[in-house]
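Per-entry structural report
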Amino acid sequence: MDDTHSVEKLLHQKLASGPIPVAEYMRLVLGHPRLGYYATRTPFGREGDFITAPEICQAFGELIGLWAAHVWGLMGAPEEINLVELGPGRGTLMADALRACGKVAPSFLAAASIHFIETSPALRDQQKRAMGDHPALWYEKFSQIPKGPLIVIGNEFMDALPVHQLVRTGSGWCERQIARSPDGDLFFTVANKPSPLSTQLHPLVAEAALGSVAEISPKACAVTGAIANRLRIEGGAALLIDYGYAESAAGDTLQAVKHHRRHEVLAEPGTADLTAHVDFAALCRAANNCGVKIFGPVTQGVFLERLGIMERSKSLLRDADLIGRLEIETQIERLTSPTEMGNLFKVLGLASNNLSVLPGFVP
Ligand code: SAH
């Protein structure tokens, strides 16, 4: 085990032997199990760097929980079901989901065992606290989830997975890399020979003009494929919610966010969140190869409205004082309005072939 104390130091050691792909940079500075951003920071909430839907309003996790209970019903209410969450952050979504199901769908709650995929030890501790007395199990990888029918939820998980950036140069699509100057400054550079990953670009993207940047996330596609395979074999459904685009397109979407503001991607590595927009069309292709039903993507605003967020907000408003009411209205607006998260965030549903249309995807 290395005894380096900061991810920045580790990065500089790595770069001493040459440039690394953007994907490797993301994997290291975000995901290093001891020194990475998710292991060492408090990413979420007002004091943190960014805020996610479950942290904005309890109705989000509640509705997702009821969505899962409904899907379990469509599956024929199996006696045992694995309820899996990918990258649960502070565990807020699951806590809200379980509370809502406890009130409205106790038999689903009795059948469900909770499984979390989380690599950050610090966030695992927060998730344990959020679960209270409710039993749950933690894993590093989706492939470790025990056998059996399953329902998988992932909110803002795929956008944290590493993306490769390819740049169209005169000699083809070449990997965008990060390098270090002799003075220790980090900078972007481009490899001088075409990348073997360029075969994975969508044909329309591959035709983009010279100088264009295109992103691919083999990791996000592999996870989606693994989920789809499990759904086909064991039965069940998955819900993937993230910000991104519905059709594959060229563009540099890699961004760093710190204290709710844009930050330079290469500045103070490991101290800011790094994400890239999710290419939902690429995820659909990965799932399609595995023989499952695909629903959407639909926008988050439409999805939440179909699930009844307006009705849920009315009952929350009834129980709130004046300040509380204003807060709730702002939260719901933030989640659903096309000018806020409503359009940018998309929801993709996957299901084994024995299931009918999943809730939220019926027009
Ligand atoms: N779903 C949460 C948190 C989103 S942030 C929310 O909506 O609030 C991304 C989450 O994914 C964090 O919990 C992070 O630690 C986890 N994560 C990132 N990369 C991961 C990986 N490769 N494997 C497992 N978990 C990962």
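Refer to the preceding data block for the structure.
These remarks concern the structure in this document. (Residues numbered from 1 in each chain as written. Predicted model: local features only at pLDDT ≥ 70, side-chain atom pairs only at ≥ 80, totals over all residues. Heavy atoms only, no water.)

**A short note on the site of the ligand**
Every one of the 17 residues lining the ligand counts as a neighbour, but Thr52, Gly87, Gly89, Glu118 and Asn155 are closest to it. For the ligand, an oxygen atom lies 2.5 Å from a polar atom in the side chain of glutamate 118. A distance of 2.7 Å separates an oxygen atom of the ligand from a polar side-chain atom of asparagine 155. Contact with the protein chains hides 93% of the accessible area of the ligand, taken as 580 Å² for the molecule alone. (Near = heavy atom within 4 Å. Polar contact = N/O pair within 3.5 Å; in protein donor to acceptor, adjacent residues only side chain to side chain. Areas by Shrake-Rupley, 256 points an atom, 1.4 Å probe, with all protein chains shown as cover.)

**Section: the pattern of salt bridges**
This structure, assessed with the given rule, holds ten salt bridges. Salt-bridge contacts for lysine 14 lead to glutamate 24; the nearest nitrogen and oxygen are separated by 3.3 Å. With lysine 14 in helix α1 (residues 7–15) and glutamate 24 in helix α2 (residues 22–31), the pair connects residues that are ten residues apart, well separated along the chain. By relative accessible area, which is 34% here, lysine 14 ends up partly exposed. Of the charged contacts, one joins glutamate 62 and arginine 99 as a salt bridge, the two residues approaching to 2.9 Å between their closest N and O atoms. Of this pair, glutamate 62 sits in helix α5 (residues 58–74) while arginine 99 sits in helix α6 (residues 92–104), and the two are 37 residues apart along the sequence. (Salt bridge = Lys/Arg side-chain N within 4 Å of Asp/Glu carboxyl O. Helix = DSSP H or I, 4+ residues; strand = E, 2+ residues; numbered from the N terminus. Buried < 20%, exposed > 50% of the residue type's maximum accessible area, 1.4 Å probe, protein only.)

**Notes on the packing of α5 against helix α12 (residues 300–307)**
Direction vectors running N to C along α5 and α12 enclose 65°, while the axes themselves pass 10 Å from each other. Compared by their axis directions, α5 and α12 come out roughly perpendicular. In the crossing of α5 with α12, the sense of the turn from one axis to the other is left-handed. Contacts between α5 and α12 pair Phe60, Leu63, Ile64 and Trp67 from the former with Gln300, Phe303, Leu304 and Leu307 from the latter. In terms of residue class, the contact of α5 with α12 is built from seven nonpolar, one polar and no charged. (Axes fitted to C-alpha atoms, helices over the stretch in contact; angles between N-to-C directions. Parallel < 35°, antiparallel > 145°, perpendicular 65-115°, else oblique. Left-handed = near helix turned anticlockwise from the far one by under 90°. Contact = heavy atoms within 4.5 Å. Nonpolar A, V, L, I, M, F, W, Y, C, P; charged D, E, K, R; others polar.)

**Re the environment of glycine 91**
Looking at the element boundaries, glycine 91 is found in the loop between β2 (81–86) and α6. For the pair glycine 91 and glutamine 127, spaced 36 residues apart in sequence, the C-alpha to C-alpha distance is 4.4 Å. When sequence neighbours within four positions are dropped, the list of residues in contact with glycine 91 reads Gln127, Ala130 and Met131.

**So, the nonpolar core**
Ranked by internal contacts, the top residues of the largest apolar core, which has 54 residues, are Trp67, Phe108, Ile151 and Phe303. Residues contacting phenylalanine 303, with those up to four places away along its chain left out, are Ile64, Trp67, Leu239, Val298, Val347, Pro359, Gly360 and Phe361. Listed in part, the 29 residues of the second largest apolar core include Leu15, Tyr37, Tyr38 and Val163. (Core = buried A, V, L, I, M, F, W, Y, C linked by side-chain atoms within 4.5 Å.)

Any functional reading would require information that these geometric values do not contain.
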